[in-house]
Amino acid sequence: MTLTPSARLALIVCQIALAIFVLLPFFWMLSVSLKPATEPFAIPARLWPENPTLENYVTAFRPEFRTYFLNSLIVSGASVVITVTLALLAAYSFARRTLLILTALMSLVVLAQMFPHSAIIIPIYKMMRAADLLNTYASLIIAYVSVTLPVAIWMLRGFLLKLPVSLEEAAAIDGAGPLRVFFEIVVPLARPGIIATAVYVLIVTWQEFLFALSFTSTREMRTLPVGLNDFIGQYGIRYGELMASSVMVSLPVIAVFFFLQRYFVAGLTAGAVKG
Amino acid sequence: MTAKDRWLVWAFLAPALILMGVMLYYPMVGTVIESFYDTSFISPEPEFVGWAVYEKVWNSRQFPEVVWNSIYWTVGVVLLQNVLGFFVAMLLNQGLPAQGLLRALVLLPFVLPGVVTAILWRFMYDPQLGLVNSIMIRLGLFEDNAAWLADADTAMAAVIFVAVWKGFPFSMLIYLAALQNVDKSQLEAATIDGAGPWRRLIDVTLPSIKEVVVVNIVLTLILTFNYFDIVWVMTRGGPQNATHIFPTRIFETGFGQFRFGEAAVYGVFSILILAVLVALYVIVQTGASKRRRTS
């Protein structure tokens, strides 16, 4: 559509305003994380430190931060692998068979994604306590796999429905058993959907706070979001270190997201718009 | 999979379904059961007390506060997030330069972990050191340093603003995908008939994406109602309970005070409210797919 020059200009101004609205807090986070502890906060605030330094990062990367980071990596990594595997298996059944009971079960899967975590956490906590799993990776991994499964199944099912069935049928006629068809044809073709789902699970589990806060009480088992929340009290108003930690917590997910965002955006919007 | 592989269909489904049954559906029932039990000083073991805990919660001063705050919070976030998300989607759908880059950048808040978002904005709102007051003072909007999060009158609005900042990219993505499916020839026909941008928006664009808008609103209603991390890290429900919504109240009652019975009652109420929202979602969805089939 053609725009008049003045309308175009107005829209470009809107774009710039949007970019400032979105990016200013990020810029501020980065700026404060690079501010030397000796440089005072000016009022009104300076946007960029006079002598930027990495010293806040060095101080913030203390042993407990490294422990939290490792814990997050283990819990998120395991959750991604397990959720994607279980979801792909389930989604394949949902996508390839049309039984009335499967339609009903799929509705239950969609329904489960809307459950409030805060309302179901007490019985889950009691189960974990009874199984002696509090303060273990297992408690968080089990909870994360369960809460990410509904959306993961829904995303992968939408993806599998768009794959041509003819390849699978041809392989079956050639004598390939159902398991071989699944592993040698379906899994490779579903790769973009698998990546999109993995990114979703990573984003959710990397920042998960409620379960991590409730199920872990020892420092050794805390994940990054809970650890970061503890820092608020410990650091007082040492905002430089707090912001440096925040940047280090955010960078991995932001990096993964930017490399893989086209998969994720396609996976999310395809399912969401199609319903 | 062929008909004779029925065992395989169920073998593939079993792990996921069993896990969701035990970890999501059973706890829903568990919360309801829990709400009829209470622990007392005499017996630390949970004791069946019927509706007693419900009565206690219903008559407490906190209950109407939590209900009112949850409404304020949910309606505020959903409304602003969808309006902003929609207009940004419109803006990024105009074929302007740099819009691919801008779309990628707009998604940044969506990916930023919730706790990081909350800590960053706590700092942004800091009365003395924060950027918000710096900007306000420089623009001449405020003389003194407003304590956004410490003042019961502004705390909720301040937290809503942050949730919108983090949430609008998600709504934008879905609106953008819907806008890209709008029939271009209809838009051109309207332009030839002399319709300006507003007329085109109201007569062509909105009617053709109506379903996506409604589904998106109901979906964000459900997600927003369940929000926990940003509110908890920014205010812990304070000041003076001004930002306590259902999830934060449940967490504080359950894991802060270990009054599981009361927390479960709040949980049951939030499940009931959500059930209404989910029913709304189902009605909208089935209506939408019926129309899709007939058209």
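Values in this document were obtained by computation on a predicted structure and should not be read as measured data.

A.B. asks: If you had to explain the overall build of chain B to someone new, which residues and values would you point to?
C.D. replies: Tallying secondary structure elements over chain B gives 13 helices and 2 strands in all. The dimensions of chain B, computed from C-alpha atoms along their principal axes, are 80 × 75 × 30 Å. With 295 residues in all, chain B has 54% of them scored as buried. Restricting to contacts in chain B with at least 6 residues of sequence separation, those with at least 24 account for 66%. Entry remark: accessible area of chain B is about 13,600 Å², with carbon and sulfur atoms responsible for 67%.

A.B. asks: Describe the overall build of chain A, naming the residues involved and giving the relevant values.
C.D. replies: Looking only at helices and strands, chain A features 12 helices and 0 strands. For 275 residues, the compact-globule estimate of 2.2 N^0.38 gives 19 Å, and the C-alpha radius of gyration of chain A, at 23 Å, exceeds that figure by more than 25%. Principal axes of the C-alpha set define a box for chain A whose edges measure 75 × 65 × 35 Å. Out of the 275 residues belonging to chain A, those deemed buried represent 53%. In chain A, of all internal contacts separated by at least 6 residues, the share reaching a separation of at least 24 is 74%. Counting every atom, chain A has about 11,800 Å² of accessible surface; 70% of that belongs to carbon and sulfur. Looking at chain A, you have 18 positive and 13 negative side-chain charges, and the mean spots of the two groups are 7 Å apart.

A.B. asks: So, helix 6 (residues 114-124) of chain B: which residues are in play, and what are the values?
C.D. replies: For helix 6 of chain B, the tally of buried residues reaches 10 of 11 residues, placing the bulk of the element in the interior. If you check which residues of helix 6 of chain B are buried, you get Gly114, Val115, Val116, Thr117, Ala118, Ile119, Leu120, Trp121, Phe123 and Met124 of chain B.

A.B. asks: So what's going on with the packing of helix 3 (residues 63-96) of chain A against helix 1 (residues 6-34) of chain B? Which residues, and what values?
C.D. replies: Between helix 3 of chain A and helix 1 of chain B, the least distance of the axes is 8 Å, while the angle of their chain directions is 130 degrees. With respect to helix 1 of chain B, the element helix 3 of chain A is oriented oblique. The two elements helix 3 of chain A and helix 1 of chain B cross, and the hand of that crossing is left-handed. Between helix 3 of chain A, through Leu86, Leu89, Ala90, Tyr92, Ser93 and Phe94 of chain A, and helix 1 of chain B, the contact on the second element is made entirely by Leu8, Val9, Phe12, Leu13, Pro15, Ala16, Leu17 and Leu19 of chain B.

A.B. asks: Report on the interface of chain B and chain A, specifying residues and quantitative values.
C.D. replies: Listed per partner, the contact involves 97 residues of chain B and 93 residues of chain A. A buried area of about 8,800 Å², summed over both sides, lies between chain B and chain A, and 80% of it is on carbon and sulfur atoms. Among the residues of chain B in contact with chain A, Phe12, Met23 and Phe123 of chain B are the three that bury the most area, contributing 8% of the side total. Joining chain B to chain A, the criterion identifies 1 salt bridge. Between Lys126 of chain A and Glu34 of chain B there is a salt bridge, with the nearest N and O atoms lying 2.6 Å from each other. Its residues placed into classes, the side of chain B that touches chain A shows 72 nonpolar, 14 polar and 11 charged.

A.B. asks: I'd like to hear about the pattern of salt bridges, residue by residue, with values.
C.D. replies: Between side chains of opposite charge, pairing is possible as soon as their charged atoms come close. Per the stated rule, a full pass over the model turns up 12 salt bridges over all chains. The partner of Arg249 of chain B in a salt bridge is Glu252 of chain B, with the nearest N and O atoms 3.5 Å apart. Remark: Glu252 of chain B and Arg249 of chain B occur in helix 12 (residues 246-256); sequence separation between them is 3 residues, near one turn of the helix. A single network of salt bridges, built from pairs that share partners, joins Arg62, Arg238 and Glu241 of chain A.

A.B. asks: Any chance you could break down the packing of helix 5 (residues 117-130) of chain A against helix 12 of chain B for me, citing the residues and the numbers?
C.D. replies: Helix 12 of chain B packs onto helix 5 of chain A with a crossing angle of 25 degrees between their chain directions and a minimal axis gap of 9 Å. On the basis of their axis angle, the class for helix 5 of chain A and helix 12 of chain B is roughly parallel. Contacts from Ser118, Ala119, Ile121, Ile122 and Tyr125 of chain A of helix 5 of chain A reach helix 12 of chain B at Pro247, Ile250 and Phe255 of chain B.

A.B. asks: Can you explain a nonpolar patch on the surface? Please cite residues and give values.
C.D. replies: The grouping of Trp68, Ile71, Tyr72, Val75, Leu79 and Leu80 of chain B at the surface amounts to a nonpolar patch, some 620 Å² of accessible area in total. If you trace the backbone, Ile71 of chain B turns up in helix 3 (residues 62-91).

A.B. asks: Can you explain the packing of aromatic side chains? Please cite residues and give values.
C.D. replies: The description of an aromatic ring pair uses the distance of the two centres, along with the angle that the planes make with each other. Residue and element names in this part refer to chain B. This structure, assessed with the given rule, holds 48 aromatic pairs over all chains. Summarising the aromatic geometry, the rings of Tyr37 and Phe48 are spaced 5.6 Å apart at their centres and angled 80 degrees between planes, so their arrangement reads as edge-to-face. Of this pair, Tyr37 sits in strand 1 (residues 37-38) while Phe48 sits in strand 2 (residues 47-48), and the two are 11 residues apart along the sequence. According to the relative accessible area criterion, Tyr37 is partly exposed, its value standing at 30%. By relative accessible area, Phe48 is classed as exposed at 56%. Ring pairing ties together the aromatic residues Phe36, Tyr37, Phe48, Trp51, Tyr54, Trp58, Phe63, Phe225, Phe246, Tyr266 and Phe269, which thus form one cluster.

A.B. asks: So, the domain arrangement of chain A: which residues are in play, and what are the values?
C.D. replies: Residues and elements named next belong to chain A. For chain A, the domain assignment lists domain 1 (1-53) and domain 2 (55-274). When each unit is reduced to the centre of its C-alpha atoms, the spacing between domain 1 and domain 2 is 32 Å. Summed over both partners, the interface of domain 1 with domain 2 comes to about 780 Å²; 65% of that surface belongs to carbon and sulfur atoms. Considering only the side of domain 1, the residues that lose the most area to domain 2 are Met29, Ser33 and Thr53, jointly responsible for 56% of the buried surface there. There are 0 salt bridges connecting domain 1 and domain 2. Here the residues of the side of domain 1 that touches domain 2 sort into 8 nonpolar, 2 polar and 1 charged.

A.B. asks: Explain the nonpolar core to me, using residue names and the numbers behind them.
C.D. replies: A general tendency of soluble globular proteins is for nonpolar side chains to be buried together. If you look at the biggest cluster of nonpolar residues, it comprises 195 residues, and the most contacted ones within it are Ile153 of chain A together with Trp73 of chain B. Take this core: its biggest share by element is 17 residues, from helix 8 (residues 155-179) of chain B. Residues from two domains meet in this core; each of domain 1 (1-53) and domain 2 (55-274) of chain A gives at least three. Residues contacting Ile153 of chain A, with those up to four places away along its chain left out, are Ala87, Ala90, Ala91, Phe94, Met106 and Val109 of chain A together with Ala16 and Met20 of chain B.

Reading the values: the criteria
The residue numbers shown here count from 1 along each chain, following its written sequence. Written order decides the labels, with chains lettered from A and ligands numbered from 1. The predicted nature of this model means local features are confined to residues of pLDDT at least 70 and side-chain atom pairs, given and counted, to a pLDDT of 80 or more, with totals for whole chains, interfaces and linings taken over all residues. The basis for every side-chain value is the complete set of heavy atoms in the structure, and neither hydrogens nor water enter the calculation. Numbering goes from the N terminus for both helices and strands, where a helix is a DSSP run of H or I of at least four residues and a strand is a run of E of at least two. Relative accessible area decides the class of each residue, using a 1.4 Å probe on protein chains only: under 20% of the type maximum gives buried, over 50% gives exposed, and in between gives partly exposed. Here a residue-residue contact requires only that any non-hydrogen atoms of the pair lie within 4.5 Å. Computed with the Shrake-Rupley method and a 1.4 Å probe, the accessible areas treat only the protein chains shown as cover for residues. It is over C-alpha atoms that the radius of gyration is taken, and the globule rule equals 2.2 Å times the number of residues to the power 0.38. Note on charges: Lys and Arg go in the positive column, Asp and Glu in the negative column, and His and the chain ends are not counted at all. For charged residues, the charge sits on one atom: NZ in Lys, CZ in Arg, CG in Asp, CD in Glu. Every angle, taken between N-to-C directions, lies between 0 and 180 degrees, and every axis is a line fitted to C-alpha atoms, over only the stretch in contact when it is a helix. Any angle from 65 to 115 degrees is called roughly perpendicular, while one under 35 is roughly parallel, one over 145 is roughly antiparallel, and all others are oblique. Rotating anticlockwise by less than a right angle from the far helix to the near helix defines a left-handed crossing, while the corresponding clockwise rotation defines a right-handed one. Accessible surface is computed with a 1.4 Å probe, and the buried area is the amount of it that two parts give up when combined, taken over both parts together. We define a salt bridge as a side-chain nitrogen of Lys or Arg found within 4 Å of a carboxyl oxygen belonging to Asp or Glu. Each residue is assigned to one class: nonpolar for Ala, Val, Leu, Ile, Met, Phe, Trp, Tyr, Cys and Pro, charged for Asp, Glu, Lys and Arg, and polar for all the others, Gly among them. Residues qualify for a patch when their relative accessible area is over 30% and they have no salt bridge, like charges being joined within 9 Å and the nonpolar side chains of Val, Leu, Ile, Met, Phe, Trp and Tyr within 5 Å. Side-chain rings of Phe, Tyr and Trp (the six-membered ring for Trp) are treated as a pair once their centres are within 6.5 Å; stacked means planes under 30 degrees apart, edge-to-face means over 60, and tilted covers the remaining angles. The split of the chain into domains comes from an automatic or database domain assignment. In this text, buried Ala, Val, Leu, Ile, Met, Phe, Trp, Tyr and Cys residues form a nonpolar core when linked through side-chain atoms within 4.5 Å.

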